Every structure is written in C-alpha cells, then in structure tokens.
Amino acid sequence: MESNAIVVLALRVGLVAILYLVILQIVAVSRRDMRLANAAPPATTAARPVVGYLVVVDSGSTHLVPGSRFPIEPITTIGRGPTNSIVVDTTFASTEHTRILFRDQSLWVEDMDSRNGTFVDQRQVTTRVAVTPGSILQVGDVRFKFAPLDGQKGGR
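Let us look at the structure shown here. (Residues numbered from 1 in each chain as written. Predicted model: local features only at pLDDT ≥ 70, side-chain atom pairs only at ≥ 80, totals over all residues. Heavy atoms only, no water.)

Here the focus is the sheet that holds strand 3 (residues 75-79). Across the sheet, which stays open at both edges, the five strands sit in the order 4-3-5-6-9 with mixed pairing between neighbours. Since the sheet does not close on itself, it has two edges, and those belong to strand 4 (86-87) and strand 9 (129-131), each with one partner. Alignment of strand 5 (residues 98-103) against strand 6 (residues 106-111), held across six bridges, turns out to be antiparallel. Bridge assignment links Leu101 to a residue of strand 6, and that residue is Trp108. (Pairing = 2+ DSSP bridges. Helix = DSSP H or I, 4+ residues; strand = E, 2+ residues; numbered from the N terminus.)

Written out as structure tokens, the structure reads:
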C-alpha cells in the first residue's frame, strides 16, 4: 500500500512540475512577442508616405538615442503604448499622448488628454497647433525637433 502512495505522490509532483514548465514557457513566449511588437515598425508603415521627421533632441528617461530620426506619417501617434507610431517608454508619457497630423500641407500637433501635457516650443498644447521645421515637441520628458523631408535621408 505504501508503494502506491509513493507512486501517486511522484505522479502529483511530476504533474505540478510539468504545469510550471508550461506556464514558464507561455510567459517566455509572451515576453518575446511583446518585445518584438515594440521593436518592429507597424506593417503599414511602408505603405504610408513620410511627410517629415522627428529627431530626438533629449531622450529623457528613455533609451532613445539623441539624433535618432523617426518618420512622420500623415497621422503619427506618440505615447507609451505599443500601438503608437512612436513609442516612448517613460512613465512621464501617457499611453496615447500626442498626435501629429498632416493636413493642408502643414503639420499639426494635438494633445490626446495626456496626464503631463504636450508642449511645442515650451508652450503647452491646448488646441491643435501648427508646427514648422525646427519646432521642439516635448512628450513627457522626451524632446524632439521637427525636421523637413527635403534633403533628408529616409529611415530612423
């Protein structure tokens, strides 16, 4: 009778070990997929025209490298969430923080009801604001400079 109890105990321990291994594998795959989703540009980026660039001036608390360039599409979103066109991984940015729109041959910036506000040339954005090359955009603790498309190479 005692040998049956040992076998049952061994089977239970084995089952628990297998369940833990499956859970660890699911977590590992999920983390990898989330990292890839954050690192890879959206699949639709290639189909949308680039209308200018944002150049990182001050990376704040992020891992962005000053001088890095991000393409501005006709609708570009910036925030902490992975669905944004430009992801700024800082607690100072809201999930959906700022939107840049290309309308009537001009770039416009609007705040998306962010917690810490959006600033253009050190002025808080309360309504849609037109920007020009050289304007400084602050999202959370990250600052970007608008750069024109003309004379620039594509990419980041």
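Anyway, onward from the coordinates.
Our focus in this paragraph is the packing of aromatic side chains. Enumeration over the complete set of coordinates arrives at one aromatic pair. Taking the centre distance of 6.3 Å and the plane angle of 85° together, the rings of Phe70 and Phe144 count as edge-to-face. Taken together, the positions of Phe70 in strand 2 (residues 69-72) and Phe144 in strand 11 (residues 142-147) put the pair 74 residues apart, joining distant regions of the chain. In this pair, the class of Phe70 matches that of Phe144, namely buried. The ring of Tyr53 has Arg69 sitting right over it, with the charged end atom 4.2 Å from the ring centre. (Phe/Tyr/Trp six-rings, centres within 6.5 Å; stacked < 30°, edge-to-face > 60°. Buried < 20%, exposed > 50% of the residue type's maximum accessible area, 1.4 Å probe, protein only. Lys NZ or Arg CZ within 6 Å of the ring centre and 35° of its normal.)

The subject of this paragraph is the environment of Thr83. Here Thr83 lies in the loop between strand 3 and strand 4. Judged by relative accessible area, which is 67%, Thr83 ranks as exposed. Distance from Thr83 to Thr95, taken between C-alpha atoms, is 9.0 Å for residues twelve residues apart in sequence.

That is the geometry; function is a separate question.
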